[in-house]
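# What the coordinates show
Listed below are the residues making up each chain.
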Amino acid sequence: MSRQMIAGNWKMNGLTAEADALAAALLRGVGERAGAPGAELLVCPPFTQIAAVSRLLAGSDIRVGGQDCSMHEKGAHTGDVSPSMLRDLGATHVILGHSERRQNHNELDETVREKCVAARRAGLVPIVCVGETAEQRSADGHEETVGWQLKGSLPDGFADEEAIVAYEPVWAIGTGRTATAEDVAAMHGFIRAELKRQFSESGEKVRILYGGSVNAGNAATLLAIPEVGGALVGGASLKPDDFLQILSAAQGG
Ligand SMILES: O=C(CO)COP(=O)(O)O
């Protein structure tokens, strides 16, 4: 299996002192592992901390990403942040279409696709999130939901070596209720098949992360599932020891 990615989504957490301490602890932890083959490591702080965290992590193997960006390059978009502004602060990646944005900001697949185009144009790697709600799963609509999200959210030309999709079942986010290994295997297999249908053989290149209550205790099981290319971690990414344990469970390739 190729190198996995462990990505931390800090969500709306981290005042300056907390963000600095978290970045410093990760830097120390990764430094202690020097020489060990490792997964790719990414942290996505809130926008306000990206510049400081990027500076702290400069020169390390830990990369920094945003949690969202505008679909516009610049102009009259009060409060929005463009992809090139994220790049300017040192970000290399951006999470797009997270279910919290889809729910709280009414982001549609089309919005996510346009943001994805803008992010790629600015040189950012988008991490496009998909996943069904509890209602959709209990109505057996999980594959249909995720299938439509993939079709609607991923632009033409998306599937290159860097491309990343995250499967995050909404009911597993922040609930402590992880999807079972069988569910994860089935959905990642389904997503791979859909990506190949959408992008032909290039669909093989896309890394598929799992997200939803990943923690130090369940990471090894989840990361060993075929087609799981890494993890997108919320709550546990705010605890450096837990996040580093998740990193240890990942496959370095
Ligand atoms: O939403 C998530 C990552 O983007 C997952 O959050 P939790 O790990 O807190 O469930």
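Residues numbered from 1 in each chain as written. Predicted model: local features only at pLDDT ≥ 70, side-chain atom pairs only at ≥ 80, totals over all residues. Heavy atoms only, no water.

Our working rule: UniProt positions are given in the numbering used here, feature names are shortened, and annotations may be inferred rather than shown by experiment.
In the annotation of an unreviewed UniProt entry, the entry for the protein reads Triosephosphate isomerase, and the organism field reads Rhizosaccharibacter radicis. Taken directly from UniProt, the Sequence similarities (unreviewed entry) text for the protein runs: "Belongs to the triosephosphate isomerase family." Per its UniProt entry, the protein bears the Subunit (unreviewed entry) comment "Homodimer."

## Observations regarding the UniProt feature "binding site: substrate" (unreviewed entry) in the protein
Just so we agree on the cut-off: In this analysis, the protein atoms alone were mapped onto a 1 Å grid. Cavities are point sets where a 1.4 Å probe fits without being able to get out; pockets are open sets with protein on both sides within 12 Å along at least five of seven lines; lining residues have an atom within 4 Å of a point. Counting from the N terminus, the helices are the DSSP runs of H or I reaching at least four residues and the strands are the DSSP runs of E reaching at least two. We call a residue buried when its accessible area falls under 20% of the maximum for its residue type, exposed when it is over 50%, and partly exposed in between, using a 1.4 Å probe and counting protein chains only. Contacts between residues were defined by any pair of non-hydrogen atoms, one from each residue, lying within 4.5 Å. Distance and chemistry together define a polar contact, namely a pair of N or O atoms within 3.5 Å, with one atom able to donate a hydrogen and the other to accept it when in protein, and with adjacent residues in sequence counting only for side-chain atoms on both sides.
As recorded in UniProt, the sites labelled "binding site: substrate" (unreviewed entry) are Asn9, Trp10, Lys11, Gly174, Ser213, Gly234 and Gly235. A maximum C-alpha distance of 13.8 Å places the annotated residues, which cover 227 residues in sequence, within one compact spot. Taken from the residues named earlier, the lining of the largest pocket is made up of Asn9 and Lys11. By the secondary structure assignment, Asn9 is in strand 1 (residues 5-9). For Asn9, a relative accessible area of 5% translates into the label buried. Excluding residues that lie within four positions of it along the chain, Asn9 makes contacts with Cys44, Gln67, Ile95, His98, Leu232, Val233, Gly234 and Ser237. Reaching out from Asn9, the side chain makes a polar contact with the backbone nitrogen of Lys11 at a distance of 2.9 Å. With respect to the secondary-structure elements, Gly174 resides in the loop between strand 6 (164-167) and helix 8 (181-199). On the basis of relative accessibility, which here comes to 79%, the residue Gly174 falls in the exposed class.

## Structural notes on the confidence of the model for the protein
Note the cut-off: One number per residue, pLDDT, summarises how confident the predictor is, and it ranges from 0 to 100.
Taken over all residues, the pLDDT of the protein has a mean of 96, while the share at 70 or more is 98%. Both scores are available for the predicted complex, with the pTM at 0.97 and the ipTM at 0.99.

## Regarding the sheet that holds strand 6
Within a sheet, adjacent strands bond to each other through the backbone by hydrogen bonds, running parallel or antiparallel. Our working definition: Any two strands are treated as partners once DSSP identifies two or more bridges connecting them. An axis is simply a line fitted to the C-alpha atoms; with a helix, the fit covers only the stretch in contact. Between two such axes, the angle follows the N-to-C directions and lies from 0 to 180 degrees.
With parallel pairing, the 8 strands of this closed barrel are ordered in space as 1-2-3-4-5-6-7-8. Across the sheet, the axes of successive neighbouring strands diverge by a mean angle of 25°, strand direction being ignored. The sheet contact formed by strand 1 and strand 2 (residues 40-44) spans 5 bridges and is parallel. Its bridge partner being in strand 2, Ile6 is matched across the sheet by Leu41.

## Concerning the site of the ligand
Our working rule: Here a residue is considered near a molecule or strand provided that any single heavy atom belonging to it is located within 4 Å of it. Here the open area of atoms and residues is found with the Shrake-Rupley method and a 1.4 Å probe, where only the protein chains shown may cover a residue. Nonpolar residues are Ala, Val, Leu, Ile, Met, Phe, Trp, Tyr, Cys and Pro. Charged residues are Asp, Glu, Lys and Arg, and all others, Gly as well, are polar.
Residues in close proximity to the ligand total 13 residues, the closest being Lys11, His98, Gly174, Ser213 and Gly235. Side-chain polar atom of Asn9 to an oxygen atom of the ligand: 3.0 Å apart, as the coordinates give it. Backbone polar atom of Gly235 to an oxygen atom of the ligand: 2.8 Å apart, as the coordinates give it. The protein chains hide 95% of the 310 Å² of surface that the ligand would expose on its own. When grouped by side-chain class, the residues that make up the shell around the ligand number 4 nonpolar, 7 polar and 2 charged.

## Notes on the layout of surface pockets
Using the following cut-off: Grid points are joined across faces, edges and corners, and a volume is the space filled by probe spheres set on the points.
Considered as a void within the structure, the largest pocket measures approximately 680 Å³ in volume. As for the largest pocket, its lining consists of 28 residues, and the residues nearest its centre are Phe47, Gln67, Asp68, Arg101 and His105. Mapped by element, the contributors of at least two residues to the lining of the largest pocket are helix 2 (47-57) and helix 4 (99-104). A per-element tally of the lining of the largest pocket places helix 2 first, with 4 residues.

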